[in-house]
Protein chains: 2
Amino acid sequence: MCGTDGCLVKCSSVPCATPKNDTKDTSITINLDHGDPTMYESYWRKMGNKCDITFNGDDSLSYFANGKSLCWFLESKLEEQIKRLHNVVGNAIVDKYYIVVGTGSSQLMQAALYALSPTDQLEPISVVSATPFYSSYPEVTDFLKSGLHKWAGDARTFEKNRPYIEFITSPNNPDGVIREPVVNGNQGKLIYDLAYYWPQYTAITSPANHDVMLFTISKCTGHAGSRIGWTLVKDKEVARKMTKFMEISTIGVSKEAQLRAAKILEVVSDSCLDPKMENFFEYSQSLMTDRWQRLRQVVMANDFFVLQKYPLQYCLFTKDFCESHPAFAWLICKGGEEEDCQKLLKEHKIHTRSGRRFGSDLRNVRISILSRDEDFNIFLKKLMAIRGPTNEN
Amino acid sequence: MCGTDGCLVKCSSVPCATPKNDTKDTSITINLDHGDPTMYESYWRKMGNKCDITFNGDDSLSYFANGKSLCWFLESKLEEQIKRLHNVVGNAIVDKYYIVVGTGSSQLMQAALYALSPTDQLEPISVVSATPFYSSYPEVTDFLKSGLHKWAGDARTFEKNRPYIEFITSPNNPDGVIREPVVNGNQGKLIYDLAYYWPQYTAITSPANHDVMLFTISKCTGHAGSRIGWTLVKDKEVARKMTKFMEISTIGVSKEAQLRAAKILEVVSDSCLDPKMENFFEYSQSLMTDRWQRLRQVVMANDFFVLQKYPLQYCLFTKDFCESHPAFAWLICKGGEEEDCQKLLKEHKIHTRSGRRFGSDLRNVRISILSRDEDFNIFLKKLMAIRGPTNEN
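Predicted, not measured: the structure shown is a model, and the values here were computed from it.

**Describing helix α7 (residues 236-250) of chain A**
Residues and elements named next belong to chain A.
- Taking 1.5 Å of rise per residue, 15 residues should cover 21 Å, and α7 covers 21 Å from first to last C-alpha, within 8% of that figure.
- One side-chain oxygen of the residue at the start of α7 lies 3.1 Å from the amide nitrogen of Glu237, identifying that residue as Asp235.
- Positive backbone phi, at 45 degrees, marks Ile251, one or two positions downstream of α7.

Right, here's the structure in full:
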């Protein structure tokens, strides 16, 4: 039966021409605004009790973790499994890096801004990112009207002879494109947001080794509810300041979430190394490949939308050429500049995020590809039914 | 053998004249700077597997919780158990209150400041608290140089005809005193920090029913490592803004931590209602009573220190008169104003927090009473050996 895991995996090798049948009511509203990664539930169900973790009443009462880490609240088990996974996947260098754990990577973005902002300046430092940029960057930078940093918009229009902090999101959220720094001034500090630099989304072309690199378990394994992110930091003083931010902001990070994350990452690494286990990244890549193939077919059959294209690249992890299959589709309405794609899709009961939120056009929307099967299938059915706003009356 | 739970409970009814014997090396440094609540481990060990909670690999992947709560990331099980416990203990009204969960109450302090700060003013609103105030308030208010709010120090010297936000900590951290608002201006917004308003620390004299009330599991059950706090909020718009803060700051709160906290609170309520279980608050109160009795004896025998005194009050929960047994001792050196109590104790390998950090004197220190038995016992031995700085040369 379609809509089950077995069928999805099968479809990844034998592309389906049309959305699969589903018994769910297709008249309901589908919310693909957030990147809620429930797609991954199927893999973790298959793992049965391999990831089970039990907490006793007397576990983890203390604020402090056991580790001797600079980040005093970081559980040593989590530190170990983060390093192991990066080594297994080959997507980042970990030797000689400090690890700072956070309540998701959102908190770490703020910790990084805090650590990299000069404290001896009268004016807040400018924070930029190239459009389309992750919609949260302006908000996390400015929501407290901080005197340390202020959002300065598109990195492409920033005057390079001033101090700045640039967010480089690669692959990019919302459009999945591989990115490099844009401003390239000599007074810049760079924060690499590598939340999507995992094999299910993109080719791993080299181990990243930037000064500050953000990761999150939400988009790696799908455990967004745990709120666990981490930063690999080269400079000790920056790591110390980020840790200080975490201390003031939340006095550390939930021990339960850290220890469970350690367990999950351990199983992911195991699955890559043990031929008897189903490789997490191969499984996830196959789901993503199938979804993108079906989405592209629907979009091609419909003359009203366009999707971003991605080059083939050699992946050091899969040891094969592969195309990107981003966590979000960056869909463009072919109409004029006044075309409001988010509004159009909302009329068809598909909630998405408008390009405007990413510093881009009304014609664009970001659509999550990480929903559960049944929602993704209904989404395709709804999308297939759209013939543009002119046909709607 | 002394230093075990049995002995402590026995000592609470039969006061010990001297610190108990302990096999641990007494030359080590004892850190009582933080209020790390490891004292509670003994109760939770006794509970065996009653609080066990297991997470499967496919649990809680989503950012969202199931509840229909305004606070969209709040687990409904936690909401239910928070309400139940307040009803069992009688320390706060919950009917018609919104609950906002946070990564510890530190994050909720910031969320409350965010929600209560006016957005239409050019100047940041003043934030005050009466000295001695919790040492984190200045830091959480000012660490991002926010344009929304700024720390304005002691509530007692604040001019009442201007807008302000006042933190009222009751029982107070650091000195355990029951508090009321101090400024009493007509442009004030009040945040009640009720972290210590539980029966083991103080008499429950009436159910609190203020507009904004902060609580934390760290000081209620001892599970500081979970980083779970909650706010009871009367006004819907304030609750909505606090939820928005949590959304931007960390996209919610760890589901594992919330679900485990729900389990722990459930067992605490059960222990109060089921005569076959050891009542959590009676047990904890007995530990605290014992520690305070022994501490007062050491301080009385030593002419150099003074401790805060507390009145007897009738407790609606225990249905008896009881004295306060705060989580911290507020110790005062009898010497002159230049006496640095924190420095003196540090020379005797006792780490405490200086009164200066609380807007108070160098003569004062805050000392955690919530350490493990062996550390508390060594602390008493070290304290007993001190005869004042003049005897030290």
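Next comes the rest of the write-up.
**Regarding the interface of chain A and chain B**
- Taken together, the 61 residues of chain A in the interface contact 61 residues of chain B.
- The largest per-residue losses of area from chain A upon contact with chain B belong to Leu61, Tyr63 and Leu144 of chain A, which jointly make up 14% of the total buried on that side.
- Where chain A touches chain B, the interface holds four salt bridges.
- A salt bridge links Lys244 of chain B to Glu139 of chain A; its shortest N-O distance comes to 3.6 Å.

**Side note on unusual backbone geometry**
Residue and element names in this part refer to chain A.
- Note the cis peptide between Asn173 and Pro174, where omega equals 25 degrees.
- Relative to the assigned elements, Pro174 resides in the loop between β6 (164-169) and β7 (188-193).
- A positive phi angle, close to 55 degrees, is found at Asn184, a residue other than glycine.
- Within the secondary structure, Asn184 sits in the loop between β6 and β7.
- Exposure remark for Asn184: the relative accessible area of 48% places this residue in the partly exposed category.
- Residues other than glycine seldom take positive phi values, yet Lys319 does so here, at roughly 55 degrees.
- Along the chain, Lys319 falls in the loop between β11 (313-315) and β12 (320-322).
- Lys319 sits in the exposed class, given a relative accessible area of 61%.

**A look at the packing of aromatic side chains**
Residue and element names in this part refer to chain A.
- Following the criterion strictly, the structure yields 53 aromatic pairs over all chains and no others.
- Geometrically, the ring pair formed by Tyr114 and Phe245 is tilted, given 5.5 Å between the ring centres and 55 degrees between the ring planes. One end of the pair, Tyr114, is in helix α4 (residues 104-116); the other, Phe245, is in helix α7, with 131 residues separating them in the sequence.
- For Tyr114, a relative accessible area of 17% puts it in the buried group.
- Its relative accessible area of 1% is what places Phe245 among the buried residues.
- Here the aromatic cluster, defined as three or more aromatic residues joined through ring pairs, consists of Tyr40, Tyr43, Trp44, Trp198, Phe215, Trp230, Phe280, Phe281, Tyr283 and Phe317.
- Over the face of the ring belonging to Phe328 we find Arg366, whose NZ or CZ atom lies 3.7 Å from the ring centre.

**Here we look at the nonpolar core**
- Trp44, Leu295 and Phe305 of chain A together with Trp44, Leu295 and Phe305 of chain B are the most contacted members of the largest nonpolar core, which totals 238 residues.
- Among residues more than four places away in sequence, those in contact with Leu295 of chain A are Leu307, Ala329, Ile369, Phe376, Phe379, Leu380 and Leu383 of chain A.

**Things to note about the domain arrangement of chain A**
Residues and elements named next belong to chain A.
- Each domain of chain A was delimited in the assignment, giving domain 1 (5-45 + 278-391) and domain 2 (56-273).
- On a C-alpha basis, the centres of domain 1 and domain 2 stand 26 Å from each other.
- Tallying the contact residues gives 33 residues for domain 1 and 36 residues for domain 2.
- In this assembly, domain 1 packs against domain 2 so that about 2,800 Å² is buried in total across both faces, 64% of it on carbon and sulfur atoms.
- For the interface between domain 1 and domain 2, the tally reads zero salt bridges.
- For the side of domain 1 that touches domain 2, the elements supplying multiple residues, two or more each, are α2 (41-46), α9 (280-301), β11 and β13 (328-333).

Each value, and the rule that gives it
- Residues numbered from 1 in each chain as written.
- Chains lettered and ligands numbered in written order.
- Predicted model: local features only at pLDDT ≥ 70, side-chain atom pairs only at ≥ 80, totals over all residues.
- Heavy atoms only, no water.
- Helix = DSSP H or I, 4+ residues; strand = E, 2+ residues; numbered from the N terminus.
- Expected span 1.5 Å × (residues − 1).
- Polar contact = N/O pair within 3.5 Å; in protein donor to acceptor, adjacent residues only side chain to side chain.
- Contact = heavy atoms within 4.5 Å.
- Buried area = accessible area lost by both parts, 1.4 Å probe.
- Salt bridge = Lys/Arg side-chain N within 4 Å of Asp/Glu carboxyl O.
- Buried < 20%, exposed > 50% of the residue type's maximum accessible area, 1.4 Å probe, protein only.
- Phe/Tyr/Trp six-rings, centres within 6.5 Å; stacked < 30°, edge-to-face > 60°.
- Lys NZ or Arg CZ within 6 Å of the ring centre and 35° of its normal.
- Core = buried A, V, L, I, M, F, W, Y, C linked by side-chain atoms within 4.5 Å.
- Domains from an automatic or database assignment.

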